[in-house]
Amino acid sequence: MAQKKQKQTQRAAATQKQQKSKNELERREVVVEVTAEENESGSIITGRPIVYDSMTNIGEFDEIIERGALNNTDLTDVRFLVNHDLSKIPLARSRRNNGNSTMTLTVDEQGLFIRAILDTENNADAQALYSAIQRGDISGMSFLFSVTDERWENLEGEHPTRHILAIGTVIEVSAVS
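On a predicted model such as this, the values are computed, not experimentally measured, just so you know. Here the residue numbers are simple positions, counted from 1 along each chain's written sequence. Thresholds applied to this predicted model are a pLDDT of at least 70 for local features of residues and 80 or more for the giving and counting of side-chain atom pairs; totals over whole chains, interfaces and linings are not thresholded and use all residues. Side-chain numbers come from the whole structure's heavy atoms, not from hydrogens or water.

### Looking at the sheet that holds strand 3 (residues 42–51)
Here, strands pair whenever DSSP counts at least two bridges between them. In this description a helix means any DSSP run of H or I spanning at least four residues, a strand means any run of E spanning at least two, and both kinds are numbered starting from the N terminus. In space, the four strands of this open sheet follow the order 2-3-9-8, with antiparallel pairing throughout. Each of the sheet's edge strands pairs with one partner strand only, and the pair in question is strand 2 (35–39) and strand 8 (103–108). Taking each pair of neighbouring strands and ignoring which way they run, the sheet shows an average axis angle of 20 degrees. When checking whether two residues touch, look at their non-hydrogen atoms; a contact exists if any pair is within 4.5 Å. Note on geometry: axes are lines fitted to C-alpha atoms, helical ones only across the stretch in contact, with angles between N-to-C directions running from 0 to 180 degrees. Contacting strand 2, strand 3 and strand 9 (111–118), helix 2 (residues 124–135) runs over the sheet at an angle of about 115 degrees to strand 2.

Shown next, in the form of structure tokens:
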């Protein structure tokens with residue numbers, strides 16, 4: 001009887017997740033290779049905050065960002081932060097992904113790739129992040145986003161799966177510890 005009640009509670013939670021506002025912002029974290037390198041442009045951080053076709057256990061459900069989910073995504077103003085701390089000054093920023101931006105965003109067959117130029121000479125937070133990535137203390141990336149289209153499967157099961165078909169906007173990407 002207790003197991004049946006637990007399954008009903010899990011299904012209800014998954015259904016609530018399914019019915020939430022499509023413009024509600026969400027965060028996701030992935031463990032990926034984040035690199036720090038020096039070149040003629042300065043101190044460069046690269047990484048992939050969004051990976052297509054990779055299942056992530058969110059807790060109450062699994063989630064897969066489907067290939068093509070970024071096709072119509074608003075990437076006009078994306079900040080680069082540490083641990084989603086919106087109260088801090090961005091360490092880099094992509095505005096319309098143009099040449100004046102300190103971060104470039106590339107949507108490719110694997111997902112979203114970023115390249116950020118950090119001002120490690122004049123910004124102590126940038127220097128600390130760069131050093132932490134070089135040491136391997138920070139090895140993940142995350143992003144703050146909204147979903148405009150999704151599909152659910154196995155809602156009646158113990159662990160449903162959410163397929164993100166379209167991401168509406170990406171607000172920021174973060175290096176995360």
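### Thoughts on the side chain of Thr 46
Mapped onto the elements, Thr 46 comes out in strand 3. Under the relative-accessibility criterion, Thr 46 is labelled buried at 13%. Definition of a polar contact: a pair of N or O atoms within 3.5 Å, with one able to donate and the other able to accept a hydrogen when the atoms are protein atoms, and with sequence-neighbouring residues admitted only if both atoms are side-chain atoms. Here Thr 35 takes part through its side chain, which lies 2.3 Å from a polar atom of the side chain of Thr 46. For every residue, the accessible area obtained with a 1.4 Å probe (protein chains only) is divided by the maximum for its type, and the residue is called buried under 20%, exposed over 50%, and partly exposed between those limits.

### Points about the pattern of salt bridges
Each salt bridge in this description consists of a side-chain nitrogen of Lys or Arg and a carboxyl oxygen of Asp or Glu lying within 4 Å of one another. A complete count under the given rule lists nine salt bridges for this structure. The partner of Asp 53 in a salt bridge is Arg 67, with the nearest N and O atoms 2.7 Å apart. Taken as a pair, Asp 53 in the loop between strand 3 and strand 4 (55–57) and Arg 67 in the loop between strand 5 (62–65) and strand 6 (77–82) lie far apart in primary sequence, 14 residues in all. Linking Arg 95 and Asp 77 is a salt bridge whose minimum nitrogen-to-oxygen distance equals 3.9 Å. Here the residue Arg 95 occupies a position in strand 7 (residues 92–95), and Asp 77 occupies one in strand 6, the gap between them amounting to 18 residues. According to the relative accessible area criterion, Arg 95 is partly exposed, its value standing at 46%.

### Points about the packing of aromatic side chains
Ring geometry is summarised as follows: Phe, Tyr and Trp rings, the Trp one being its six-membered ring, pair when their centres sit within 6.5 Å, and such pairs are stacked at plane angles under 30 degrees, edge-to-face over 60 and tilted between the two. The tally for this structure, following the rule as stated, stands at two aromatic pairs. An angle of 35 degrees between the planes, with centres 4.5 Å apart, marks the rings of Phe 143 and Phe 145 as tilted. Phe 145 matches Phe 143 in its accessibility class, with the two residues each being buried.

### Some words on a negative patch on the surface
Residues Glu 37, Glu 38, Asp 119 and Glu 121 make up a contiguous surface patch of negative charge. You can see Asp 119 is positioned in the loop between strand 9 and helix 2. Exposure above 30% relative accessible area and no salt bridge define the residues that can form patches, which grow by joining like charges within 9 Å and nonpolar side chains of Val, Leu, Ile, Met, Phe, Trp and Tyr within 5 Å. The Shrake-Rupley method, run with a 1.4 Å probe, gives the accessible areas here. Residue values count only the displayed protein chains as cover. Think of it this way: Lys and Arg go in the positive column, Asp and Glu in the negative one, and His and the chain ends go nowhere. By convention, the charge on Lys lies at NZ, on Arg at CZ, on Asp at CG and on Glu at CD.

### Brief notes about the pairing of strand 11 (residues 161–176)
Of all 16 residues making up strand 11, 14 are buried, and the element is well covered by its neighbours. Bridge count for strand 5 against strand 11 is four bridges, and the pairing is parallel. Residue pairing in the sheet places Ile 65 in a bridge with Ile 164 of strand 11. For strand 6 and strand 11, the ladder comprises four bridges, and the chain directions are parallel. Within the sheet, the bridge partner assigned to Arg 79 lies in strand 11 and is Glu 172. Sheet analysis places strand 10 (residues 140–153) next to strand 11, joined by 13 bridges and oriented antiparallel. The residue bridging Phe 143 from the neighbouring strand is Val 173, located in strand 11.

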